[in-house]
Amino acid sequence: MRRPATSRLEGGQEDARAVALEVLLRVEREGARADRALGEVLSRLEMEPRDAALASKLVYGSLAWRRFFDHALAVWSGRSPALRDPTVRCLLHLGLYQLFFLDRVPDYAAVGETVEVAKRRGLRRATGFLNALLRRAAREGPRAVPLPDPEKEPVRYLGLAYSHPDWLVARWLSELGREETEALLRANNQEPPVTLRVNRLESSVAAEIESFTRLGIVATPTRWSPVGIRVEGYPVARLPGASQGRWSVQSEASQVVTLLVGAGPGERVLDACAGRGAKSTHLAEESEDRSTIVALDRDFRGFAVLRREAARLGLRGIRPLVGDASDPPFRSGTEFSRILVDAPCTGLGTLRRRPEIRWRRRPGDVRLCARRQRAILEGVAPRVARGGLLVYATCTPLREENEEVVEDFLRAHPEFCREEPLSERERARLPALEELLSAEGSLRTWPHRHGLDAFFAVRLRRKGPRGSLA
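Residues numbered from 1 in each chain as written. Predicted model: local features only at pLDDT ≥ 70, side-chain atom pairs only at ≥ 80, totals over all residues. Heavy atoms only, no water.

A closer look at the side chain of arginine 353
Now for step 1: Relative to the assigned elements, arginine 353 resides in the loop between strand E8 (336-342) and helix H15 (357-360).
Now for step 2: A distance of 3.2 Å separates a polar atom in the side chain of arginine 353 from the backbone oxygen of proline 193.
Now for step 3: With residues near it in sequence (within four places) discarded, arginine 353 still touches Asp35, Tyr60, Pro192, Pro193, Ser251 and Asp453. (Helix = DSSP H or I, 4+ residues; strand = E, 2+ residues; numbered from the N terminus. Polar contact = N/O pair within 3.5 Å; in protein donor to acceptor, adjacent residues only side chain to side chain. Contact = heavy atoms within 4.5 Å.)

Considering helix H2 (residues 34-43)
Now for step 1: Considered for burial, the residues of H2 that qualify are Ala34, Asp35, Ala37, Leu38, Val41 and Leu42. All buried residues of H2 project into a common sector of 165° when viewed along the axis, lining one side.
Now for step 2: Elements that come into contact with the buried residues of H2 comprise helix H1 (16-30) and helix H3 (49-64). (Buried < 20%, exposed > 50% of the residue type's maximum accessible area, 1.4 Å probe, protein only. Arc of directions from axis to C-beta.)

Topic: the packing of H2 against H3
When two helices pack together, their arrangement is given by the angle between the helix axes and the distance between those axes.
Now for step 1: In the contact formed by H2 and H3, the axes pass within 11 Å of each other and the chain directions differ by 155°. For the element pair H2 / H3, the angle class is roughly antiparallel. Handedness of the H2/H3 crossing: right-handed. Counting all contacts with H2, which are made through Ala34, Asp35, Leu38 and Leu42, the residues of H3 involved are Ala52, Ser56, Val59, Tyr60 and Leu63.
Now for step 2: Of the residues contributing to the contact of H2 with H3, the split by class is seven nonpolar, one polar and one charged. (Axes fitted to C-alpha atoms, helices over the stretch in contact; angles between N-to-C directions. Parallel < 35°, antiparallel > 145°, perpendicular 65-115°, else oblique. Left-handed = near helix turned anticlockwise from the far one by under 90°. Nonpolar A, V, L, I, M, F, W, Y, C, P; charged D, E, K, R; others polar.)

Comments concerning the side chain of arginine 372
Now for step 1: With respect to the helices and strands, arginine 372 occurs in helix H16 (residues 363-380).
Now for step 2: Apart from the residues lying within four places of it in its own chain, the contact partners of arginine 372 are Arg298, Asp324, Ser326 and Pro344.

Have a look at this one:
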């Protein structure tokens with residue numbers, strides 16, 4: 001007996017395609033984040049690891065290639081009114097992704113199973129349309145989709161061929177050049193790895209890898225973070241060790257940025273834009289939970305997650321505080337030895353992990369984010385103690401949110417200067433990070449160069465008395 005069509009999935013076994021459709025519709029209709037929506041759906045279902053992995057591939061791939069798929073569908077369907085239905089459109093995206101990019105899924109399964117999901121959703125009237133379009137796609141393949149001339153219209157060609165908005169392609173062409181832009185676009189469409197950060201107060205990378213390996217889970221140490229593990233083909237919700245506080249989910253680039261803060265025991269540290277607190281908990285672990293970590297954010301909703309995570313990880317030194325970093329709610333004279341500004345940004349460096357961002361951002365968002373970033377640096381600058389460290393970081397590769405913001409800040413604040421991203425002692429402890437340092441003295445990570453999200457980070461030191469460095 002088949003399950004009745006519903007708008008929400010219930011607990012229990014479920015087909016990977018139906019799971020992916022549920023997530024895509026939440027992204028489309030509710031503006032949900034794909035990664036969080038997928039995690040929430042998978043956490044309440046009993047799926048085999050390979051089915052959960054397929055659902056993940058379908059979600060990220062369908063969102064990343066949306067523009068290319070919509071272009072192909074418009075060509076093949078004559079812009080049929082049926083494409084206005086979000087469910088029909090998402091089903092077609094799922095089918096096309098399977099046909100064009102998943103070699104292990106036979107064409108007949110990609111078409112037949114996608115149509116079957118439509119029937120279970122109560123879309124029997126649309127099944128003929130879906131079947132015809134997907135069969136045509138299976139016959140003709142992606143190479144039959146017409147594209148602009150790459151020499152005459154390079155921006156539109158790259159935007160369609162690699163499924164990115166034209167305005168973003170144009171920016172990267174001007175900043176990176178043709179060859180590197182194409183490599184970046186290609187990398188942005190790859191599925192991101194699942195990366196864990198080991199809580200070194202409770203376990204070690206070697207111990208966790210051994211634990212995973214005994215269960216047949218493929219796990220390897222990360223290349224740049226000394227506390228990271230990559231896990232392949234296994235749902236995070238079913239990995240052992242979470243309830244014991246032995247690890248957290250955090251991208252490797254994000255882990256590396258936190259390491260630049262260099263938090264140690266006995267310090268007062270401010271995480272000025274804490275969000276849900278991934279970096280706050282990492283800072284606490286790095287300082288052996290023997291420092292005061294003030295986690296500041298103007299949106300208090302993330303603090304519920306932060307408190308749960310701190311309790312799960314056994315961390316006691318984190319102090320959540322509601323407030324705007326551009327005007328921090330501290331008493332006069334309150335200072336910190338280290339401040340991390342993981343600034344709100346366009347997030348365009350995380351397109352592998354959050355592919356929907358590319359369709360939500362607009363050119364004007366870059367300017368608005370840069371304005372907000374400047375205001376936050378102005379707000380926290382007086383709170384950095386003499387000789388203290390301010391780390392400015394973003395998860396975007398755009399100069400307007402990175403180098404230009406830092407240059408403006410330093411012009412307005414001669415009491416700060418740029419510092420090498422790593423001290424001699426840190427270079428000895430973290431030798432792999434040398435590869436991630438730019439000639440300008442910043443940390444830069446890239447999907448196409450390093451297999452990491454695109455992050456930027458720079459260390460700014462406040463000068464000590466009489467202009468010396470404390």
